[in-house]
Amino acid sequence: KTCVNLTSVVFVLGLLISMLVSDLPSNTHGLLQADLTETRVESLCKGCIITRSTLLVLSLSRNGMKYVCPDAISNITSLRYLEVSFNNLSDINVRHTHLFERLFSTLREIQIISLKSNSLRHIPKNIYFNNNNLRKIDLSFNHISKLPLK
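Since we're looking at a predicted model, the values are computed, not measured. (Residues numbered from 1 in each chain as written. Predicted model: local features only at pLDDT ≥ 70, side-chain atom pairs only at ≥ 80, totals over all residues. Heavy atoms only, no water.)

Asker: I'm lost on the overall build of the chain in this one. Help?
Answerer: Helix and strand counts for the chain stand at three helices and nine strands. Ordered by position in the sequence, the α and β elements of the chain form the string β-β-β-β-β-β-α-β-α-α-β-β. Burial analysis of the chain (150 residues in total) assigns 43% to the buried set. For the chain, the share of sequence-separated contacts (at least 6 apart) that also reach a separation of at least 24 residues comes to 63%. Summed over its atoms, the accessible surface of the chain is roughly 8100 Å², and 53% of this surface lies on carbon and sulfur atoms. (Helix = DSSP H or I, 4+ residues; strand = E, 2+ residues; numbered from the N terminus. Buried < 20%, exposed > 50% of the residue type's maximum accessible area, 1.4 Å probe, protein only. Contact = heavy atoms within 4.5 Å. Areas by Shrake-Rupley, 256 points an atom, 1.4 Å probe, with all protein chains shown as cover.)

Written out as structure tokens, the structure reads:
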């Protein structure tokens, strides 16, 4: 099982930079985009966070990811676009619905979320309750028969 600390691998201005967490400055302003697509990240754990960030885009697609702890992304309050498509988040949705429901709760600036192709069968009622800026949520290529309305 692979758990990657998001601060360890950051994609900024087209350059893939690897750095040790201890080398990361305490103020991560200026980071705009993190692309962890196809990096075999199977889960994001509680310690996998970026704090005090200006991160706008986070892509975690095509990893076969089964679990994302809400606390792993909760401090990325500037996030506008979250791409977690082509993973397998159905397990957290079924076994840990309360965690799945909290996944986006602190992302108040989020505008676009892609959950495309995650084998989801249902969406919890309050999953995007606090996301007043949300304009688009891509749930295509899942097995959802009913959507809760905000």
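Read on for the rest.
Asker: For this particular structure, what's the right way to read the pattern of salt bridges?
Answerer: Close approach of charged atoms lets side chains of opposite charge pair. Considering all chains together, one arrives at two salt bridges under this definition. A salt bridge links arginine 102 to aspartate 71, with the nearest nitrogen and oxygen atoms 3.0 Å apart. Here the residue arginine 102 occupies a position in helix H3 (residues 97–102), and aspartate 71 occupies one in helix H1 (residues 70–73), the gap between them amounting to 31 residues. Take aspartate 71: its relative accessible area is 26%, and that puts it in the partly exposed class. Close ionic contact of arginine 95 with aspartate 91 constitutes a salt bridge, the shortest N to O distance being 3.0 Å. With arginine 95 and aspartate 91 both in helix H2 (residues 90–95), this residue pair falls four residues apart, about one helical turn. When its relative accessible area of 63% is taken as the criterion, arginine 95 is described as exposed. (Salt bridge = Lys/Arg side-chain N within 4 Å of Asp/Glu carboxyl O.)

Asker: Just checking my understanding: could you explain the sheet that holds strand S3 (residues 33–35) for this structure?
Answerer: In a beta sheet, neighbouring strands are held together by backbone hydrogen bonds and run either parallel or antiparallel to one another. Sheet architecture is open: five strands sit in the order S3-S5-S7-S8-S9, paired in parallel fashion. Edge positions in the sheet fall to S3 and strand S9 (136–138), since each of these pairs with one other strand and no more. If you compare each strand with its neighbour and ignore which way they point, the axes differ by 5° on average. Relative to strand S7 (residues 81–83), strand S5 (residues 57–59) is paired through three bridges, and the arrangement is parallel. (Pairing = 2+ DSSP bridges. Axes fitted to C-alpha atoms, helices over the stretch in contact; angles between N-to-C directions.)

Asker: Even after reading the chapter, I still don't get unusual backbone geometry, so can you show me in this structure?
Answerer: Positive phi outside glycine occurs at arginine 62, with the angle close to 60°. Mapped onto the fold, arginine 62 is located in the loop between S5 and strand S6 (67–68). Judged by relative accessible area, which is 45%, arginine 62 ranks as partly exposed. The phi torsion at phenylalanine 141 lies on the positive side, around 60°, for a residue other than glycine.

Asker: So what exactly am I meant to see when it comes to the side chain of asparagine 93 here?
Answerer: Along the chain, the position of asparagine 93 falls in helix H2. By relative accessible area, which is 1% here, asparagine 93 ends up buried. Setting aside chain neighbours within four positions, we find asparagine 93 in contact with Phe100, Leu120, His122 and Pro124.

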